[in-house]
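The primary structure of each chain is shown beneath.
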Amino acid sequence: MAKEQSATRERQRVDLIEPRRYKVTIYNDDFTTMEFVVMILIQVFFKSQAEAETLMLQVHHSDKAVVGIYSYDVAVSKVRKATNMAREAGFPLRLTIEPEKD
């Protein structure tokens, strides 16, 4: 007679840790046009027209503004895309990535 084999596995509790998030900051300069900054905010960071204009004015008045908080890979990708677009248009637009404070 065949024996039944049964395998019992205990489930291990796995605590998941949220991945670290990074904020993308855009900086003011004297050469990049306001219209170009708004266009970058709409096309790369998917901001609405009103939100893009508000952020652009914040950058203009206080020299910088956080435009979004993303996972590391997404933040790097967006900064590269925006920087490449700025360089192709001849603007020295600067964006940085830094870890979000917990």
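Residues numbered from 1 in each chain as written. Predicted model: local features only at pLDDT ≥ 70, side-chain atom pairs only at ≥ 80, totals over all residues. Heavy atoms only, no water.

Unusually for a residue other than glycine, F46 sits at a positive phi of about 55°. With respect to the element layout, F46 can be found in the loop between helix 1 (34-43) and helix 2 (49-62). Owing to a relative accessible area of 64%, F46 belongs among the exposed residues under this scheme. For D63, which is not glycine, the phi dihedral falls at a positive 75°. Tracing the backbone shows D63 in the loop between helix 2 and strand 2 (64-71). (Helix = DSSP H or I, 4+ residues; strand = E, 2+ residues; numbered from the N terminus. Buried < 20%, exposed > 50% of the residue type's maximum accessible area, 1.4 Å probe, protein only.)

Sheet architecture is open: 3 strands sit in the order 2-1-3, paired in antiparallel fashion. The open sheet has two edge strands, strand 2 and strand 3 (94-99), and neither has a second partner. Taking the axes of each pair of neighbouring strands and ignoring which way they run, one obtains an average angle of 25° across the sheet. In the packing of helix 3 (residues 72-89) onto the sheet, contacts are made with strand 1 (21-27), strand 2 and strand 3, and the angle to strand 2 comes to roughly 135°. (Pairing = 2+ DSSP bridges. Axes fitted to C-alpha atoms, helices over the stretch in contact; angles between N-to-C directions. Contact = heavy atoms within 4.5 Å.)

Tallied over the entire structure, the rule returns 3 aromatic pairs. Each ring, one from F36 and one from F91, has its centre 4.8 Å from the other, and the planes form 45°; the classification is tilted. On the criterion of sequence distance, the pair formed by F36 in helix 1 and F91 in the loop between helix 3 and strand 3 is long-range, its members being 55 residues apart. The same class applies to F36 as to F91, namely buried. Ring plane angle 35° and centroid distance 6.3 Å describe the contact between F45 and Y70, whose orientation is recorded as tilted. One end of the pair, F45, is in the loop between helix 1 and helix 2; the other, Y70, is in strand 2, and 25 residues separate them in sequence. (Phe/Tyr/Trp six-rings, centres within 6.5 Å; stacked < 30°, edge-to-face > 60°.)

A word on helix 3. In this model, helix 3 (18 residues) spans 26 Å end to end at C-alpha, consistent with the 26 Å of a helix rising 1.5 Å per residue. Within the span of helix 3, buried status applies to A75, V76, K78, V79, A82, T83 and A86. Down the axis of helix 3, the smallest arc covering the buried residues is 165°, so these residues share one side. More than 90 degrees from the buried face of helix 3, the exposed residues found are D73, R80 and E88. On its buried face, helix 3 sits against strand 1, helix 1, strand 2 and strand 3. (Expected span 1.5 Å × (residues − 1). Arc of directions from axis to C-beta.)

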